[in-house]
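# Structural overview
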Amino acid sequence: MYGSPSIFSTPLLGSPSTPSSRNHCKTLNMFSKQEKWDLSCGKLFMCKPIENIKYEQTVFYYKKNSYQGSGNNCCFAKQQPTRVSCGSQLQKFLGHCTFHCPSSNSTYGKVNGSAISALIIDDNATMTTMEEDTEHIGILDIDPRLKPFKDHFGYKMRRYAEQKELIEKYEGGLEEFAQGYLKFGFNREEGGIVYREWAPAAQEAQVIGDFNGWDGSNHRMEKNEFGVWSIKIPDSGENPAIPHNSRVKFRFKHGDGVWVDRIPAWISYATVDPAAFAAPYDGVYWDPPPSERYQFKYPRPPKPNAPRIYEAHVGMSSLEPRVSSYKEFADDILPRIRENNYNTVQLMAVMEHSYYASFGYHVTNFFAVSSRSGTPEDLKYLIDKAHSFGLRVLVDVVHSHASSNVTDGLNGFDVGQSSQLSYFHTGDRGYHKLWDSRLFNYANWEVLRFLLSNLRWWLEEFKFDGFRFDGVTSMLYHHHGINMSFTGKYNEYFSEATDVDAVVYLMLANCLIHSIYPDATVISEDVSGMPGLGRPVAEGGIGFDYRLAMAIPDKWIECLKNKKDEEWSMKEISSSLTNRRYTEKCIAYAESHDQAIVGDKTIAFLLMDKEMYTGMSCLTDASPIIDRGISLQKLLTGWRSIIALSTSMIHFLTMALGGEGYLNFMGNEFGHPEWIDFPREGNNWSYLKCRRRWELVDTDHLRYKFMNAFDKAMNLLDEKFSFIASTKQIVSSTDEENKVIVFERGDLVFVFNFHPENTYSGYKVGCDLPGKYRVALDSDALVFGGKGRMSHDVDHFTSPEGVPGVPETNFNNRPNSFKVLSPARTCVGFTTESKKVYNRVEEGNDDHNSNSGNEKLVTDVVAEPEEESVEEEPASVKDNELIVRLIEGFEVDVVEEASDVDVVEDDENPFASQQHVIL
């Protein structure tokens, strides 16, 4: 079974994903001693309620390990003195964090007075150890090593259940609660427009805009007992009170008597004067007439078995040095994505952000689309067109922090009030010192409404198919991952460093998303390797469908930058790719946008560097540097031998072994040169490096086409064989001496030869299923810029190994084996190797005519199967267009068996005959 210790090259049961060495805050790792909290050693204590306050529930809190009896070391439990029906088990337990209840600041709360009463624990309060009868927690069965943290999981689940029940009690349910956009912001109601804004710190408030000449004296708003300001502006005859596409703002006076103008928090569109440098954004009332409102035409595509994700940034997708539009992306880029056989698009920087160079991470307006690329209707056109291509669309959602901008961001509503009256925490807890951004108070009722409604808004208004949650590590821990180097020890994840408020929010968010749209895909970006992040909420997990395998690109960069060829370890590479938590799905990637941001290089640029400007023409021989970048090779620089892998080989191994999904950033499929550098003061506001050089892959005589062709082929291979989604993943060999990795994924056998010099004739590989195998995908094919050394019409027959049912007598613990050619090319200064995927041929399909419906692996590139005998010149040499083949039963000659593995010199040229295939 996939993931069991006996099958994987490294044991996975109970092992967290290998944490990325890159700090989540995208800075250099800084190591410092951190005070550790270990709930496995801590105990759960019960406190007697304070006299004179009537409690109908018992209050509990976590005790710090170093507690010495001082009240100063106690965590404060907070409890509402009003009975809340949470079920028999939940009524026993309340955590030390703020108890989520609708307060006097809640719009629809039904509790008068202060919502939360702090329970101060006296030093002399009697404490007794509680033996909690915790309900069954499924994740503990999956990973028994988590059992010492049972109290933590029980506490988290109770907090989640309590919060959800409160929402059901006071708001009518989670789904209704997440429709805040129907009440807040600007909404059409009978006879006019109603505007509501939660701003409890405001003393007076007005709505201003183009519609009233920016004079709000006649449009004063009223405040209710929950801190919500509202006004109804009647229509003028048949004309709406506020014209569509006109500017609006919220003006309010805070405690210092100062009036300030802010963009409404729930605004769905915001624009800026492009002619004015550093001009502030304005909110825009967006309510197009029916004739201008986009109507979706195509249904959402079904959820794929494995997402093959194309990560993209609309603004930088243009060939020209400028900001591209949603419509241009839909018309020009979506066809490229579909042509390369991706099934999912992940859009970055969709939520409005005033600073373009923030890459969309400093969000200012959470419900607004980025106006640089067009209107909300334009974005709907993009998503609908993607659906017409069968492409699902995910949006990068940033709920981990918010821009610190005041005039045009949510931070502008913070005027020094308490955390309960604000979207953010106060003091240091509300500020991310490395990101210069504000941090949400996830315990606040209105913050929960705002963020959960934001998710529903993107799902329902724009028909997105899911989310990638950015910066999840910062949410999970009070330290936000700053100065932390996660080692994988479980006490790093389950302690008082865990921000349970944020964890509960993420659990609610995943519950909501899958309730509204069960087929949604939700991905988390977490570098810490938090166990349970990718398990269902009902089991005690946080509920994400996938987590990004963030340690993989770090491993590749480490190998490429820091190690000589002889230092590459097959076991280390295999372990890095397979070291993920059992039953928690991962999205594998060799490089994303992170690896291309200014200051770093893409894999292709790291390999080929400046030679990509002059050496990519097919009209001249490839230099050793270019040849190594398109294939595996060895480059001699002085006396130092440096190994460098082709982008194709790195991406393919990552896809095949690294996870249950795959991701590639826009342009890396063809080895995009250079780096990403958004316009900023440091580059004189240039867009030159903030675009995609599509002309490089479209020019037929440039070698970029080879990498693009292979990207297209490996995606189609998964489309045909679904190997990424297969739970069968077996690494049978990490051959350090010969530098070969052999593994099975689904019904495919993969062989990767990393040796810089040796080509192996008759290399023996283990496999599960008996029968005969053929090449299904060969990176050494001419169309990929390879040498065409592999024949694709040869059957490889298996031989049984050892005693059936006795693994120790098998070959590499596999019951069958077959022999293959594993070629490499040795020359002065560089080397190239091939990757081969062997596809089992089902018995009974030997008749060529029995399979007339054979499909090409790469559309418009792969030739139909040859009917001639394989004793002729290999098709890969004879026909430049014959590169890959779905082998579904073709009659071929059997090649004579050889007994041993031979290292073949290239000048022997074994590739022109069939003798190189060992059976």
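Residues numbered from 1 in each chain as written. Predicted model: local features only at pLDDT ≥ 70, side-chain atom pairs only at ≥ 80, totals over all residues. Heavy atoms only, no water.

Below, the discussion takes up the overall build of the chain. The helix and strand inventory of the chain stands at 17 helices and 41 strands. Expressed as a percentage of the 919 residues in the chain, the buried residues total 62%. Partitioning the intrachain contacts of the chain with sequence separation of at least 6 by distance along the chain shows that 73% fall at a separation of at least 24. Roughly 34,100 Å² of accessible area belongs to the chain as shown, and the carbon and sulfur atoms make up 48% of that amount. (Helix = DSSP H or I, 4+ residues; strand = E, 2+ residues; numbered from the N terminus. Buried < 20%, exposed > 50% of the residue type's maximum accessible area, 1.4 Å probe, protein only. Contact = heavy atoms within 4.5 Å. Areas by Shrake-Rupley, 256 points an atom, 1.4 Å probe, with all protein chains shown as cover.)

The next subject is the pairing of strand β31 (residues 740-745). β31 sits mainly inside the fold: six of its six residues count as buried. Every second residue of β31 is oriented toward a common face, with Val-740, Val-742 and Glu-744 on one face and Ile-741, Phe-743 and Arg-745 on the other, all of them buried. Linking strand β30 (residues 729-735) to β31, which pair antiparallel, is a turn of four residues; within it Lys-739 sits at a positive phi near 60°. In the sheet, β31 pairs with strand β32 (residues 748-753) via six bridges, with the strands oriented antiparallel. Directly across from Arg-745, in β32, lies its bridge partner Leu-748. Counting the residues in the hairpin turn of β31 and β32 gives two residues, including Gly-746, whose phi is positive at 65°. (Pairing = 2+ DSSP bridges.)

The interhelical angle for the contact between helix α3 (residues 150-171) and helix α9 (residues 500-516), taken along N-to-C directions, is 60°, at an axis separation of 9 Å. In terms of their interaxial angle, α3 and α9 are classed as oblique. Of the two possible hands of crossing, α3 and α9 adopt the one that is right-handed. Across from Tyr-155, Lys-156, Arg-159, Tyr-160, Gln-163, Lys-164 and Ile-167 in α3, the residues of α9 making contact are Val-500, Asp-501, Val-503, Val-504, Met-507, Leu-508 and Cys-511. Of the residues belonging to the contact of α3 with α9, the class tally is nine nonpolar, one polar and four charged. (Axes fitted to C-alpha atoms, helices over the stretch in contact; angles between N-to-C directions. Parallel < 35°, antiparallel > 145°, perpendicular 65-115°, else oblique. Left-handed = near helix turned anticlockwise from the far one by under 90°. Nonpolar A, V, L, I, M, F, W, Y, C, P; charged D, E, K, R; others polar.)

The next point concerns helix α5 (residues 326-339). An ideal rise of 1.5 Å per residue puts 20 Å on 14 residues; α5 measures up with 19 Å between its terminal C-alpha atoms. Tyr-326, Phe-329, Ala-330, Ile-333, Leu-334 and Ile-337 are the residues of α5 that are buried. Looking at the buried residues of α5, the elements they touch are β15 (308-313), β16 (344-348), β18 (365-369), α6 (376-388) and α15 (694-698). After α5 finishes, the residue Asn-341 shows a positive phi value of roughly 70°. (Expected span 1.5 Å × (residues − 1).)

Our focus in this paragraph is the nonpolar core. In summary, soluble globular proteins display a tendency toward joint burial of nonpolar side chains. Counting 182 residues, the largest nonpolar core has Phe-329, Leu-347, Phe-469 and Tyr-505 as the members making the most contacts within it. If you tally residues by element for this core, the top one is α9, at 11 residues. Look past the residues within four positions of Phe-469 in its chain and what remains in contact with it is Val-397, His-399, Leu-455, Tyr-505, Leu-506, Ala-509, Ile-513, Val-522, Ile-523, Ser-524, Glu-525 and Phe-544. Counting residues in hydrophobic clusters, the runner-up holds 15 residues, among them Val-751, Phe-818, Leu-821 and Tyr-838. (Core = buried A, V, L, I, M, F, W, Y, C linked by side-chain atoms within 4.5 Å.)

Here the focus is the environment of Ala-270. For Ala-270, the position within the fold is in strand β13 (residues 270-271). Once residues lying within four places of it in the same chain are set aside, the contact partners of Ala-270 are Tyr-281, Asp-282, Gly-283, Val-284, Glu-352, Asn-365, Ala-368 and Ser-371.

So, about the environment of Ala-781. Here Ala-781 shows up in the loop between β34 (772-778) and β35 (796-797). Separated by 11 residues in the primary sequence, Ala-781 and His-792 have C-alpha atoms spaced 9.7 Å apart.

The strand order across the open sheet formed by three strands is β20-β22-β21, and the pairing between neighbours is antiparallel. The two strands at the open ends of the sheet, each matched to only one other strand, are β20 (402-403) and β21 (431-432).

For the structure on display, the rule yields 54 salt bridges. Where Glu-171 meets Arg-449, a salt bridge forms, and the shortest distance between an N and an O atom there is 2.9 Å. Taken together, the residues Glu-171 in helix α3 and Arg-449 in helix α7 (residues 445-461) connect sequence positions 278 residues apart. Judged by its relative accessible area of 11%, Glu-171 falls in the buried class. (Salt bridge = Lys/Arg side-chain N within 4 Å of Asp/Glu carboxyl O.)

To continue, consider the pairing of strand β14 (residues 282-285). A two-sided burial pattern is seen for β14, the buried positions comprising Asp-282 and Val-284 on one face and Gly-283 and Tyr-285 on the other. Alignment of strand β11 (residues 246-253) against β14, held across three bridges, turns out to be antiparallel. From the neighbouring strand, Arg-247 faces β14, where its bridge partner is Val-284. The sheet contact formed by β13 and β14 spans two bridges and is antiparallel.

So, on to unusual backbone geometry. Phi is positive for Lys-463, close to 65°, though the residue is something other than glycine. Of note, Thr-583 is a non-glycine position whose phi angle comes to about 75°, a positive value. Inspection of the secondary structure assignment puts Thr-583 in the loop between α11 (570-578) and β26 (586-588). Thr-583 sits in the partly exposed class, given a relative accessible area of 29%.

Summarising the model, the chain shows a mean pLDDT of 76, and 69% of its residues fall at 70 or more. Confidence drops under a pLDDT of 50 for residues 825-835, and excluding neighbours within four residues, the segment shows 57 contacts in the predicted structure. Note on residues 905-919: pLDDT is under 50 here. Beyond four places in sequence and across chains, it has 45 contacts. (pLDDT = per-residue confidence, 0-100.)

Here we come to the packing of α3 against α7. Close contact between α3 and α7 brings their axes to 13 Å; oriented N to C, the two are set at 90°. Classed by the angle they form, the pair α3 and α7 counts as roughly perpendicular. Note on element contacts: α7 touches α3 through Trp-445, Leu-448 and Arg-449, opposite Gln-163, Leu-166, Ile-167, Tyr-170 and Glu-171.

Attention now moves to the packing of aromatic side chains. Summed over all chains, the structure comprises 58 aromatic pairs. Ring centres of Phe-413 and Tyr-423 lie 6.4 Å apart, and the angle between their planes is 80°; this geometry places the pair in the edge-to-face category. With a gap of 10 residues between them, Phe-413 in the loop between β20 and β21 and Tyr-423 in the loop between β20 and β21 connect regions that are remote in the sequence. Overall, Tyr-423 belongs to the buried group, its relative accessible area being 3%. Relative to Phe-752, the ring of Phe-743 has its centre 5.9 Å away and its plane inclined at 15°; by these criteria the two rings are stacked. Phe-752 sits in the buried class, given a relative accessible area of 0%. The ring centre of Tyr-490 lies 5.1 Å from the NZ or CZ of Arg-145, which sits over that ring. The cationic tip of Arg-300 hangs over the ring face of Tyr-517; the distance from NZ or CZ to the ring centre is 4.2 Å. (Phe/Tyr/Trp six-rings, centres within 6.5 Å; stacked < 30°, edge-to-face > 60°. Lys NZ or Arg CZ within 6 Å of the ring centre and 35° of its normal.)

Tracing the backbone through its elements, the reader meets Arg-438 in strand β22 (residues 437-438). Note: C-alpha distance between Arg-438 and His-425 (13 residues apart in sequence) is 8.0 Å. Sequence-distant contacts of Arg-438, defined by excluding residues within four places in its chain, comprise His-401, Ala-402, Ser-403, Ser-404, Asn-411, Asp-414, Phe-424, His-425 and Gly-430.

So, about a nonpolar patch on the surface. Together, Phe-277, Tyr-355 and Trp-685 give the surface a local cluster of nonpolar side chains, amounting to about 380 Å² of exposed area. If you trace the backbone, Phe-277 turns up in the loop between β13 and β14. Judged by its relative accessible area of 69%, Phe-277 falls in the exposed class. (Patch = residues over 30% accessible without salt bridge, like charges linked within 9 Å, V, L, I, M, F, W, Y side chains within 5 Å.)

Either a parallel or an antiparallel arrangement is found when strands of a sheet pair, and the pairing is made through backbone hydrogen bonds. Pairing is antiparallel in the open sheet, where four strands are placed in the order β6-β7-β10-β9. The sheet is open, and its two edges are formed by β6 (185-189) and β9 (222-223), each paired on a single side. Here strand β7 (residues 192-198) runs beside strand β10 (residues 228-234); their pairing, made up of seven bridges, is antiparallel. Looking at β10, one finds that Gly-192 is bridged to Pro-234.

What follows covers the side chain of Thr-498. The topology assignment puts Thr-498 in the loop between α8 (472-476) and α9. Those residues in contact with Thr-498, other than ones at most four positions away along the chain, are His-152, Leu-476, Tyr-477, His-478, Tyr-493 and Val-503.

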